[in-house]
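Now for the letters of each chain:
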Amino acid sequence: MNNVALTMLVAVVASLPSIASAEDVSSPGRKLSMKSTDSSQALALTASDAAVPAPARGGDEDPTLTGASLTVRNPQTGESSTFILPAALWSASSTGDSYKFKNPQAPAGASPVRAARIKAGSLKVKARSTGITLDEASQGSVALSLASGTLRVCVRFGGDVTRDEPGRFSARNAPAPQSCDDGPATTSTTTTLATTTTTSQDPTTTLPTTTTTVPVTTTTLPLPTICGDLSIDG
């Protein structure tokens, strides 16, 4: 490898975000509601825990400078989707410890996310899209993460699942995941499928046999008397 190529490679690597410097925060989830119909979709997320930090104002975590992204993932199927929340739609409170995102045009406009708020101890997101399909028989669990610069807050709902069916997923009081990239969560929802056994019998049809008796009439005719001269008498 020549010096020019080596210099370019070093420059590319240096421009990539440093994974080691990123701050992953695993938080308990308070409530998640997801709904998908033929006409609309909706997602509402709430996480409340002292582990959730407020992004540092003016730093690498400030969403008004870096923007943010919301990732929705199904750990069982691997299906995932990421929504971008542009920096231009974020605003900071006067004290600098609370940030709000607003996009009244969602799911149109700059993001499918309609509103979001992150502050010390709390994270809330409302979107007009579920990000993943809800057409499976059940989801089992759903993982979500909000990344703002070097800060990433992660939740995973698979504990107290209150509704899990095609088109709907609702859960609450989820424990904090081991990490933002851990395996599938354990769900307390048990789905019992009723098994129906149908016995099909091939009916045998017996056709009645009809016997028709045709009366036979026997007519006895008297024979003529033959005389000795071979003439017939009568």
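Residues numbered from 1 in each chain as written. Predicted model: local features only at pLDDT ≥ 70, side-chain atom pairs only at ≥ 80, totals over all residues. Heavy atoms only, no water.

Draft legend 1. Focus on the state of the cysteines. Here the structure, examined in full by the defined rule, presents one disulfide. Here cysteine 154 pairs with cysteine 180 through a disulfide, and the sulfurs are 1.8 Å apart. One disulfide, between cysteine 154 and cysteine 180, carries an S-S torsion of 100 degrees and so falls in the right-handed class. Of this pair, cysteine 154 sits in strand 11 (residues 151-157) while cysteine 180 sits in the loop between strand 13 (168-174) and strand 14 (225-226); the two residues are 26 residues apart in sequence, bridging distant segments of the chain. Neither residue differs from the other here; cysteine 154 and cysteine 180 are each classed as buried. (Disulfide = S-S within 2.5 Å. Helix = DSSP H or I, 4+ residues; strand = E, 2+ residues; numbered from the N terminus. Buried < 20%, exposed > 50% of the residue type's maximum accessible area, 1.4 Å probe, protein only.)

Draft legend 2. Quick look at the pairing of strand 11. Burial analysis of strand 11 places six of its seven residues in the buried class, the great majority of the element. Bridging between strand 1 (residues 23-26) and strand 11 involves four bridges; their strand directions are parallel. Counted as the bridge partner of valine 25 is valine 153 from strand 11. Inspection of the sheet shows strand 10 (residues 142-148) paired to strand 11 by seven bridges, in the antiparallel sense. Note on strand 11: the bridge partner recorded for valine 142 is phenylalanine 157. The loop that links strand 10 with its antiparallel partner strand 11 comprises two residues; one of these, glycine 149, has a positive phi angle of about 65 degrees. (Pairing = 2+ DSSP bridges.)

Draft legend 3. Seen up close, the environment of arginine 117. As for its position among the elements, arginine 117 is in strand 8 (residues 113-119). Taking the C-alpha atoms as reference points, arginine 117 and lysine 100, 17 residues apart in sequence, are found 4.5 Å from one another. Contacts of arginine 117, omitting those with residues within four sequence positions, involve Ser98, Tyr99, Lys100, Ser122, Leu123 and Lys124. (Contact = heavy atoms within 4.5 Å.)

Draft legend 4. Seen up close, the layout of surface pockets. There is about 160 Å³ of room inside the second largest pocket. Every residue along the wall of the second largest pocket is listed here: Lys31, Leu32, Ser33, Ala44, Leu45, Thr46, Ala115, Ala116, Arg117, Lys124, Val125 and Lys126. When contributions to the lining of the second largest pocket are tallied by element, the ones reaching two or more residues are strand 2 (29-36), strand 3 (41-48), strand 8 and strand 9 (122-127). Its residues placed into classes, the lining of the second largest pocket shows six nonpolar, two polar and four charged. (1 Å grid on protein atoms, 1.4 Å probe; cavity = no way out; pocket = protein on both sides within 12 Å on 5 of 7 lines; lining within 4 Å. Points joined across faces, edges and corners; volume = space filled by probe spheres on them. Nonpolar A, V, L, I, M, F, W, Y, C, P; charged D, E, K, R; others polar.)

Draft legend 5. Examining the sheet that holds strand 11 more closely. Taken together, five strands build an open sheet; the order of strands is 1-11-10-4-5 and the sheet is mixed. Here the strands that pair on one side only, and so sit at the sheet edges, are strand 1 and strand 5 (80-85). Each neighbouring strand pair of the sheet contributes to a mean axis angle of 15 degrees, computed without reference to strand direction. (Axes fitted to C-alpha atoms, helices over the stretch in contact; angles between N-to-C directions.)

Draft legend 6. Summary view of the side chain of serine 170. Inspection of the secondary structure assignment puts serine 170 in strand 13. For serine 170, a relative accessible area of 12% puts it in the buried group.

Draft legend 7. Geometry of the pairing of strand 5. Side-chain alternation along strand 5 places Ser81, Phe83 and Leu85 on a buried face and Ser80, Thr82 and Ile84 on a face that remains uncovered. From the end of strand 4 (residues 68-73) to the start of strand 5, which pair antiparallel, there are six residues, and glycine 78 there has a positive phi angle of about 85 degrees.

Draft legend 8. Representation of the packing of aromatic side chains in the model. Under the counting rule described, the total for this entry stands at one aromatic pair. Measuring from centroid to centroid gives 5.5 Å for tryptophan 90 and phenylalanine 101, while their planes differ by 55 degrees, and the two rings are tilted. With tryptophan 90 in strand 6 (residues 90-92) and phenylalanine 101 in strand 7 (residues 98-102), the pair connects residues that are 11 residues apart, well separated along the chain. (Phe/Tyr/Trp six-rings, centres within 6.5 Å; stacked < 30°, edge-to-face > 60°.)

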